[in-house]
Amino acid sequence: MFESLIGLVAIIALFVTISRQQSRIGLIERELGALRSLVLSGVHVAPPQAKPVEQAANDSMPADAAIAAVTDIAPPSAGEAAAEEKPPTQVEAGEAASGPWAAGEAAPAGPAPAQPVAATAKPAQKPDIETALGTRWAVWVGGIALALGGLFLIRYTIEAGIFGPGVRLSMAAMLGLVLVAVGEFIRRTGFKVPVQGVAGAYIPAILTAAGAFILFGTVYAAHGVYGFIGPALAFTLLGAIGVATIAAALVHGQALAGVGLLGAVVTPMLVASQAPNPWALFGYLAIVLAATGVIARLRDWKLLMAAAFVGTGLWTILYMTDAPGTNLPVVLFINAVTLAVLALVWLGRRGGEAGPASGFDWPSVAPGFFVGLSAMALFVDPAYAAGDALPGAALIAALVAVALYRPLALALLHAAGLATVLVYLGIIPPTSVVSDFSGGALGVDGLPAAVADTLMLRIGIFLGLVFIAAGFWAAGKFAASAHIRAASWAAWGVVAPLVILLALWFTFGNLDRDLVYAAVAALLMVVFATGGEWIARGEQPPLQGGAAVSFALGGAAVAALLMLYMAFGSGWTTMLLGAAAIVPALATRRRAYPVLGWISVAAVIAVLGRIAFDPTIVGAEFLSRTPVFNWLLLGYGVPALAFGFAAWQLARTTNGRPRLAMEAGAALFTVLTVAILVRHAMHGGVIDTGAATLAEQAIYTLIAIGAGAILVAIDMRSPSLVLRYGSLAAGVVSVAFIVIQHFVELNPLFTDESTGRIPVFNLLFLAYLLPALAAGGLALYSRDKRPKWYAAMLALMAALLAFVYATLSVRRLFKGEFIGLWSGLGQLETYTYSALWLIIGVALLTAGVWLKSQVLRVASAALISVAVLKVFLFDMSELEGVLRALSFIGLGAVLIGIGLFYQRLLTRAAKGSSV
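Residues numbered from 1 in each chain as written. Predicted model: local features only at pLDDT ≥ 70, side-chain atom pairs only at ≥ 80, totals over all residues. Heavy atoms only, no water.

**Comments concerning the overall build of the protein**
Argument step 1. In terms of helices and strands, the protein carries 35 helices and two strands.
Argument step 2. Looking at the protein as a whole, 45% of its 915 residues are labelled buried.
Argument step 3. Of the contacts formed within the protein by residues at least 6 apart in sequence, a portion of 73% connects residues at least 24 apart.
Argument step 4. Carbon and sulfur atoms make up 71% of the accessible area of the protein, which totals about 43600 Å². (Helix = DSSP H or I, 4+ residues; strand = E, 2+ residues; numbered from the N terminus. Buried < 20%, exposed > 50% of the residue type's maximum accessible area, 1.4 Å probe, protein only. Contact = heavy atoms within 4.5 Å. Areas by Shrake-Rupley, 256 points an atom, 1.4 Å probe, with all protein chains shown as cover.)

**What about helix α14 (residues 328-346)?**
Argument step 1. For α14, spanning 19 residues, the distance from its first C-alpha to its last is 26 Å, which sits close to the expected 27 Å at 1.5 Å a residue.
Argument step 2. At Ala340, α14 shows its largest bend, some 25 degrees.
Argument step 3. All of the buried residues along α14 are Val330, Val331, Ile334, Asn335, Val337, Thr338, Leu339, Val341, Leu342, Ala343 and Trp346. (Expected span 1.5 Å × (residues − 1). Bend = angle between axes of the 7 residues up to and from the residue.)

**Remarks on a nonpolar patch on the surface**
Argument step 1. Among the surface-exposed residues, Leu303, Phe360, Trp362 and Val365 lie close enough to one another that they form a single nonpolar patch of about 410 Å² accessible area.
Argument step 2. Examined against the element boundaries, Phe360 turns out to sit in the loop between α14 and α15 (365-380).
Argument step 3. Given a relative accessible area of 44%, Phe360 falls into the partly exposed group. (Patch = residues over 30% accessible without salt bridge, like charges linked within 9 Å, V, L, I, M, F, W, Y side chains within 5 Å. Salt bridge = Lys/Arg side-chain N within 4 Å of Asp/Glu carboxyl O.)

**A short note on unusual backbone geometry**
Negative phi values dominate among residues other than glycine, just as trans dominates among peptide bonds.
Argument step 1. For the bond from Gln540 to Pro541, the omega torsion is -5 degrees, close enough to zero to count as cis.
Argument step 2. Positive phi values are uncommon outside glycine, yet Asp300 reaches one of about 55 degrees.
Argument step 3. Classification of Asp300 as partly exposed rests on a relative accessible area of 26%.
Argument step 4. Of note, Leu543 is a non-glycine position whose phi angle comes to about 60 degrees, a positive value.
Argument step 5. Along the chain, Leu543 turns up in the loop between α21 (515-537) and α22 (547-567).
Argument step 6. We classify Leu543 as partly exposed; its relative accessible area is 31%.

**Quick word on the pattern of salt bridges**
Argument step 1. The full count for this structure, using the stated rule, is seven salt bridges.
Argument step 2. When the shortest N-O distance is used, the salt bridge between Glu533 and Arg537 registers 3.3 Å. With Glu533 and Arg537 both in helix α21, this residue pair falls four residues apart, about one helical turn.
Argument step 3. Via salt bridges that share partners, Glu533, Arg537 and Arg591 belong to a single interconnected network.

**What about the packing of helix α20 (residues 483-508) against α21?**
Argument step 1. Where α20 meets α21, the axes come as close as 11 Å, and the angle between the chain directions of the two elements is 175 degrees. Taken together, α20 and α21 sit at an angle that is classed as roughly antiparallel. Across from Ala490, Gly493, Val494, Pro497, Leu498, Leu501, Leu504, Trp505 and Phe508 in α20, the residues of α21 making contact are Tyr517, Val520, Ala521, Leu524, Phe528 and Ile535.
Argument step 2. Within the contact of α20 with α21, the residues separate by chemical class into 14 nonpolar, one polar and no charged. (Axes fitted to C-alpha atoms, helices over the stretch in contact; angles between N-to-C directions. Parallel < 35°, antiparallel > 145°, perpendicular 65-115°, else oblique. Nonpolar A, V, L, I, M, F, W, Y, C, P; charged D, E, K, R; others polar.)

**What to know about the environment of Val526**
Argument step 1. On the secondary structure map, Val526 appears in helix α21.
Argument step 2. Distance from Val526 to Ala559, taken between C-alpha atoms, is 8.9 Å for residues 33 residues apart in sequence.

**With respect to the packing of helix α17 (residues 390-405) against helix α19 (residues 454-478)**
Argument step 1. Their axes nearest at 11 Å, the elements α17 and α19 cross at an angle of 0 degrees. It follows from the interaxial angle that α17 and α19 lie roughly parallel. The segment α17 lies against α19, with Leu390, Ala393, Ile396, Ala397, Val400 and Leu404 engaging Leu455, Ile459, Phe462, Leu463, Val466, Phe467, Ala470, Trp473 and Ala474.
Argument step 2. Class assignment for the residues of the contact of α17 with α19 results in 15 nonpolar, no polar and no charged.

**Focus on the confidence of the model for the protein**
Argument step 1. For the protein, per-residue confidence averages 75 on the pLDDT scale, and residues scoring 70 or more make up 65% of the total.
Argument step 2. Low pLDDT (under 50) marks residues 48-126, which in the prediction has 126 contacts with non-local residues, meaning those over four places away or in another chain.
Argument step 3. Scored below 50 in pLDDT, residues 193-201 shows 26 contacts in the model against residues more than four places distant or in partner chains. (pLDDT = per-residue confidence, 0-100.)

**Considering the nonpolar core**
Argument step 1. In this structure, Phe379, Tyr424 and Trp489 are the most contacted members of the largest nonpolar core, which totals 106 residues.
Argument step 2. Here the element with the most residues in this core is α20; it accounts for 13 residues.
Argument step 3. Not counting residues within four places of it along the chain, the set of residues in contact with Tyr424 comprises Met456, Ile459, Gly460, Leu463, Ile500, Ala503 and Leu504.
Argument step 4. Grouped together as the second largest cluster of nonpolar side chains are 29 residues, Ile705, Ala779, Ala798 and Leu801 included. (Core = buried A, V, L, I, M, F, W, Y, C linked by side-chain atoms within 4.5 Å.)

**With respect to the packing of aromatic side chains**
Argument step 1. By the definition in use, this model includes eleven aromatic pairs.
Argument step 2. Ring geometry for Phe282 against Tyr319: centres 5.3 Å apart, planes inclined by 75 degrees, an arrangement best described as edge-to-face. Placement of Phe282 in helix α12 (residues 278-299) and of Tyr319 in helix α13 (residues 302-322) is noted, with a sequence separation of 37 residues between them.
Argument step 3. Of the residues examined, Phe282 reaches a relative accessible area of 1% and is grouped as buried.
Argument step 4. Both rings, one in Tyr833 and one in Trp837, keep their centres 6.2 Å apart while their planes meet at 20 degrees; by these two values the pair is stacked. Placement of the pair is Tyr833 and Trp837 together in helix α33 (residues 827-851), with a separation of four residues, close to one helical turn.
Argument step 5. Grouped by ring-pair contacts, the aromatic residues Phe803, Tyr833 and Trp837 constitute a single cluster. (Phe/Tyr/Trp six-rings, centres within 6.5 Å; stacked < 30°, edge-to-face > 60°.)

**Here's the deal with α17**
Argument step 1. Compared with an ideal rise of 1.5 Å per residue, which puts 16 residues at 22 Å, α17 spans 22 Å between its outermost C-alpha atoms and is within 8% of the ideal.
Argument step 2. Within the span of α17, buried status applies to Pro391, Gly392, Ala393, Leu395, Ile396, Ala397, Leu399, Val400, Val402 and Ala403.
Argument step 3. Buried-residue contacts for α17 involve α14, α15, α18 (410-426), α19 and α20.

**A few points about the side chain of Thr316**
Argument step 1. If you trace the backbone, Thr316 turns up in helix α13.
Argument step 2. The class for Thr316 is buried, based on a relative accessible area of 4%.

**As for the side chain of Asn335**
Argument step 1. By the element assignment, Asn335 lies in helix α14.
Argument step 2. Those residues in contact with Asn335, other than ones at most four positions away along the chain, are Thr316, Phe370, Val371, Ser374 and Leu395.

**Details of the environment of Phe478**
Argument step 1. Turning to its location among the elements, Phe478 is positioned in helix α19.
Argument step 2. Overall, Phe478 belongs to the buried group, its relative accessible area being 5%.
Argument step 3. Spatially, the C-alpha atom of Phe478 lies 8.4 Å from that of Gly538, the residues being 60 residues apart in sequence.

Put into structure tokens, the structure is as follows:
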């Protein structure tokens with residue numbers, strides 16, 4: 001069924017092709033006539049931009065076919081010598097690419113108007129379905145049919161028993177050789193592809209590929225099916241066919257090289273041996289890789305080169321994982337060959353090649369990945385690392401060396417850095433790369449994993465020095481011309497040594513305090529800072545502080561952080577880390593590097609992380625119970641002062657976003673310092689247990705309101721977005737505290753908490769009256785300095801706090817120290833509330849008129865309305881006798897007084913407007 005389908009498609013394609021030949025010939029004749037007319041009329045025609053031979057080869061056209069494609073179609077004659085250099089006709093330019101049967105495409109047979117061809121040439125059109133069917137699909141299907149036909153012929157002779165095995169294999173081999181010979185014959189006899197879009201169906205290459213396919217199948221059948229030849233000869237023949245096919249691609253195009261490479265890579269899987277020889281296998285792969293590299297370099301075939309690296313890498317990893325025995329020299333050999341082919345063959349210098357300062361070679365990603373994976377396996381896998389880990393370190397160093405020698409192979413640097421980081425993070429107990437926790441032991445494939453030893457310590461020092469030296473040297477070299485490349489080298493020059501130092505400290509050092517590792521971290525800090533300055537001097541223009549400099553100085557900051565943690569206890573570390581934010585801020589006086597301000601910001605983040613991990617700074621068991629003067633004051637206060645100074649310094653130099661972040665950090669740590677000291681004092685020296693009381697919450701609210709006032713005052717002297725929005729946030733937070741904590745959750749009316757025995761200066765004074773005065777003062781101070789809603793919100797909250805304070809004070813007067821709601825209400829107490837609310841309403845009205853505050857006047861109206869409702873709905877039913885009468889009399893007097901007050905205000909306003 002499949003054979004019939006292939007035959008039917010081939011017949012249809014052939015019929016369509018033949019049926020259109022007359023039209024094609026007629027079109028070509030008309031186009032040639034037009035060109036002859038142009039030449040005879042003396043019109044100057046600009047020579048075409050011929051497609052380079054090398055680029056034509058990239059499009060799967062051989063060199064000679066590409067040359068033929070840009071020559072004239074018509075045969076030269078004595079009277080047409082000038083026509084030898086004329087440009088391609090419109091058939092070649094793309095019009096005929098739509099097929100000679102397209103409507104309206106025929107050029108007139110008469111003389112063409114005297115105008116340049118470039119002015120009348122039509123843009124290239126997309127080939128239609130008939131052109132594709134007749135020029136490309138027919139060739140492709142025909143090549144597949146030839147290849148399959150050879151295999152089907154062998155199969156038929158086997159099933160029919162017509163010939164013996166030897167004769168059948170000879171016939172198949174003969175067919176393959178004939179196809180190769182026919183392809184070469186057609187190529188040598190001047191085969192041309194003048195039509196655009198047909199180069200992908202180059203007939204000689206397809207015939208050669210079909211022949212190679214048949215020869216592969218013949219040799220495999222001779223070995224695997226009939227056993228006529230041994231594995232050594234079969235291996236040699238298959239490899240030779242593959243290499244020869246790759247070599248033939250020099251004249252037949254990249255597609256044929258892909259066929260040969262596929263056959264060459266698959267060959268070791270087709271030939272089985274009772275005693276496999278890894279040296280023979282990888283020696284053969286090395287030859288295939290080198291041959292492919294030479295051919296790919298001559299034609300600049302990136303896809304072919306990448307495929308060759310992938311094939312070799314897959315065989316290497318397969319051997320390392322599935323081979324029953326391990327042969328370390330073989331693994332090192334094939335990886336060395338891979339790097340040598342990349343550096344000396346594929347990336348070998350050619351005349352006219354772009355300089356190493358630009359570009360990226362993406363095929364080098366494949367060898368970087370596979371060689372880096374091999375290096376990791378040599379570190380981790382017990383089968384290789386049982387003796388030592390030096391081979392893995394050698395491969396990583398080789399990756400760095402090749403990346404340094406061939407700058408285009410930047411992928412090798414990333415592979416080496418990533419492999420180093422993963423390996424050294426894996427030695428930190430109890431983690432391990434590809435570890436198995438079953439049974440409580442680390443392992444790889446059931447074997448104990450190679451853990452850290454003194455050799456890993458020495459290798460880590462060696463690799464750290466390699467990355468530092470190569471990274472900073474290359475970063476300085478490329479700082480002026482290739483910023484991304486310089487940044488990559490600088491990044492791995494700091495990341496790899498820092499990760500190695502951290503891993504070795506966790507594995508071999510003393511985690512409490514280790515001065516040796518702290519000294520190493522200090523040395524790295526100096527080296528990174530010096531290297532960053534050296535890189536900056538090589539920039540164009542110098543001292544710009546680009547990405548490479550940022551990585552170097554950022555690494556110096558991380559090294560400083562590690563030094564503090566290794567050398568000092570938790571308390572000194574937190575304090576010194578906060579103070580360290582001053583150093584990069586001061587450095588902005590000498591250098592305008594953008595990264596310096598962000599290093600200060602990173603110090604803020606580091607200190608925040610530190611106090612989030614341990615808010616007590618030195619641990620709860622070591623924290624003194626002495627109020628104020630303890631480690632909390634230093635751990636929170638010193639960073640607050642340092643951040644404030646850094647913000648001030650950045651405002652005088654860079655004045656960018658880092659300055660705003662430092663201002664925010666200073667404000668935040670100032671508030672945190674006061675708040676944490678309050679909690680420490682009110683909880684007897686313990687800050688991490690116990691719920692907040694109303695008194696403690698009142699202090700937090702006062703701190704928030706005070707912080708808002710301070711931020712407004714500072715913003716008036718030194719305007720800043722952080723101060724502006726920080727003051728708004730402080731006001732909103734304080735209001736949220738009041739509504740949620742003061743009015744609801746911690747209200748002594750609901751909790752029945754003791755309000756204190758002192759009549760005036762008690763809990764109500766601290767929790768309600770002082771916040772009311774503070775909120776009112778902040779509202780008055782910020783009226784013309786902040787949005788209207790902000791001052792109105794604070795004024796309203798001040799009024800509510802005053803109302804609640806007065807109400808709760810009345811209840812305390814009647815109930816005593818505990819004022820819980822469940823103790824009931826008396827008649828005199830009820831009347832007192834009505835009188836008090838009316839007095840407060842009048843007071844709010846007076847303050848609103850005096851301060852010209854609409855918010856206070858509206859609050860007064862709301863409170864008086866509540867008092868009116870209370871008198872009519874509650875007092876009328878609950879009060880009796882004289883209290884009921886006094887309640888209504890007082891209410892009436894107040895309302896009449898308010899009416900007279902407003903009438904006088906309106907009268908004054910009318911007189912003022914009339915004047």
